Amino acid sequence: MFLDRALVRLLPAVPKPVVQRFSSRYIAGSTLSDAVGVVRRLNAEGMLATIDVLGEEITHADEARAIARAYLDVFDAIERDGLDANVSVKLTSLGLKLSYDLCKENVLEVLAQGRFVRIDMEDSTTTDATLRLYRELRKAGHDNVGVVLQAYLRRTLDDVRALADLKPNVRLCKGIYVEPPSLAYRGADSVRTSFVQCLDTLLEAGAYVAVATHDEKLIAEALRRDVPELQMLLGVREDRARELVADGRRVRIYVPFGEQWYAYSLRRLQENPAMATTIARAAVGRALRL
Ligand SMILES: Cc1cc2nc3c(=O)[nH]c(=O)nc-3n(C[C@H](O)[C@H](O)[C@H](O)COP(=O)(O)OP(=O)(O)OC[C@H]3O[C@@H](n4cnc5c(N)ncnc54)[C@H](O)[C@@H]3O)c2cc1C
């Protein structure tokens, strides 16, 4: 276990081609047609999808605008191919770190298509801006937008209460970014306790809640409360997703695609310590061959 954790910390030092090989199960591919192929397959199996254009590593306004345009292409593909899918956006990929106004412009362009847009939640330096933008959009009458809340943050229960008047459409997840203990719960049980408290408070407020987890204990809590939607990540516990569909549950799979696969892939591999050992071995083997 200690070794696994040490290896997880070493992952950023592993050569990118090795990371790419091991993370391919989490990513639909580099092109929109790769994503369309995966969503078609998921739809045929009774699952819905949310499509994410990977791009959080952008550094220029032009790149952020290009990501917004890539979402318009995704909407065209959804329409043309009759896919049962919506989209998820990351505000940093739409320019949040460059300028709030640029990011808002880009989000408005994506929202103007009228389809549902989920705003992912990123690290804690972006939480205030993300919730501010969500509130401004809703105040301006955009109802085709949803947000994500992370149960590991100590602030989230307060955020849930503050959002209650909007009856928000929320994806509730544990949260994946590395945060200090002053901001985030660390223990598995305290994160679960916060998750269930947030879930109950959201449901009491009349929010639409999509529970995004592969954690069996939290799936059970969600099923007990008959939540309207469960969400999972592409490449993680797909058999469980199929079982939930067979039981008549609405299940949506997060389908990322694009050239900027690295940051997303690292996060997925870091959540999979067994995989970290295999990757470290592969990387060492590769280094010895060189
Ligand atoms: C649809 C969806 C959208 C998300 N959006 C966001 C977001 O906007 N912001 C954010 O911070 N986080 C997001 N996350 C990630 C989330 O916060 C968690 O980091 C992630 O879901 C792992 O937590 P878990 O609840 O599945 O529980 P864990 O305890 O991490 O996982 C439970 C079990 O699932 C399996 N598992 C989990 N991850 C993997 C993996 N990568 N590879 C193989 N097996 C795995 C393992 O068997 C593990 O024991 C999202 C997750 C989902 C499902």
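I will try to describe carefully the structure that is included in this document.

Conventions and cut-offs
Residues numbered from 1 in each chain as written. Predicted model: local features only at pLDDT ≥ 70, side-chain atom pairs only at ≥ 80, totals over all residues. Helix = DSSP H or I, 4+ residues; strand = E, 2+ residues; numbered from the N terminus. Rg over C-alpha atoms; globule rule 2.2 N^0.38 Å. Buried ≥ 20, exposed ≤ 12 C-beta atoms within 10 Å, placed from the backbone. Contact = placed C-beta atoms within 7 Å. Near = placed C-beta within 6 Å. Nonpolar A, V, L, I, M, F, W, Y, C, P; charged D, E, K, R; others polar. Pairing = 2+ DSSP bridges. Right-handed = clockwise from strand over helix to strand, strands pointing away. Core = buried A, V, L, I, M, F, W, Y, C linked by C-beta atoms within 7 Å. Axes fitted to C-alpha atoms, helices over the stretch in contact; angles between N-to-C directions. Parallel < 35°, antiparallel > 145°, perpendicular 65-115°, else oblique. Left-handed = near helix turned anticlockwise from the far one by under 90°.

### Observations concerning the overall build of the chain
When its secondary structure is counted, the chain shows 12 helices and 8 strands. Here the chain has a C-alpha radius of gyration of 19 Å; the compact-globule value for 290 residues is 19 Å, and the two agree. Out of the 290 residues in the chain, the part that is buried amounts to 40%. Long-range contacts, defined as pairs at least 24 residues apart, comprise 70% of the intrachain contacts of the chain with a sequence gap of at least 6.

### Observations regarding the site of the ligand
Every one of the 23 residues lining the ligand counts as a neighbour, but D120, I176, T213, H214 and N272 are closest to it. Looking at the shell around the ligand element by element, the count peaks at 3 residues for strand β7 (residues 229–233). Partitioned by chemical class, the residues of the shell around the ligand number 10 nonpolar, 6 polar and 7 charged.

### Let's talk about the environment of A164
With respect to the secondary-structure elements, A164 resides in the loop between α7 (156–163) and β5 (169–173). A164 gets classed as partly exposed once you count the C-beta atoms within 10 Å, which come to 15. In the structure, A164 is positioned 41 residues away from A205 in sequence and 5.5 Å away in space, judged by C-alpha atoms.

### Some remarks on the environment of R118
Residue position: R118 is located in strand β3 (residues 117–119). The exposure class of R118 is buried, given the 22 C-beta atoms found within 10 Å. Through-space distance from the C-alpha of R118 to that of K90 is 8.8 Å; in sequence the pair is 28 residues apart. When near neighbours in sequence (up to four residues on either side) are disregarded, R118 contacts T50, N86, S88, G146, V148 and R171.

### Observations concerning the pairing of strand β1 (residues 48–53)
Most of β1 is tucked away: 5 of the 6 residues are buried. Two elements, β1 and strand β8 (residues 251–257), share 6 bridges in a ladder whose sense is parallel. Within β8, the position partnered with D52 by the bridge is P256. Pairing geometry for β1 and strand β2 (residues 85–89), over 4 bridges, is parallel. Within β2, the position partnered with T50 by the bridge is N86. Handedness of the crossover is the feature at issue here: the chain leaves β1, passes through helix α4 (residues 61–81), returns alongside β2, and the resulting connection is right-handed.

### Notes on the nonpolar core
Across soluble globular proteins, nonpolar side chains show a tendency to be buried alongside one another. Ranked by internal contacts, the top residues of the largest apolar core, which has 74 residues, are L172, V211, I253 and V255. Contacts of V211, omitting those with residues within four sequence positions, involve L172, L199, L218, A222, V227, L230 and Q231. Counting residues in hydrophobic clusters, the runner-up holds 7 residues, among them V14, V19, F22 and I279.

### Quick look at the packing of α4 against helix α5 (residues 100–111)
Direction vectors running N to C along α4 and α5 enclose 15°, while the axes themselves pass 9 Å from each other. The angle between the axes of α4 and α5 places the two elements in the roughly parallel class. The hand of the α4/α5 crossing is right-handed. Residues A61, A64, R65, A68 and Y71 of α4 form the contact with α5, whose participating residues are L102, N106, E109 and V110. Counted by class, the contact of α4 with α5 contains 6 nonpolar, 1 polar and 2 charged residues.

### Some details on the pairing of β5
With 5 of 5 residues buried, β5 is to be regarded as a mostly interior element. Alternating positions in β5 separate into two faces, N169, R171 and C173 on one and V170 and L172 on the other, with burial throughout. When strand β4 (residues 145–150) meets β5, the two strands line up parallel, connected through 4 bridges. Paired with Q150 across the strands is C173, a residue of β5. In this fold, β4 hands off to α7, which returns the chain to β5; that crossover is right-handed. Note: β5 against strand β6 (residues 208–212), 4 bridges, orientation parallel.

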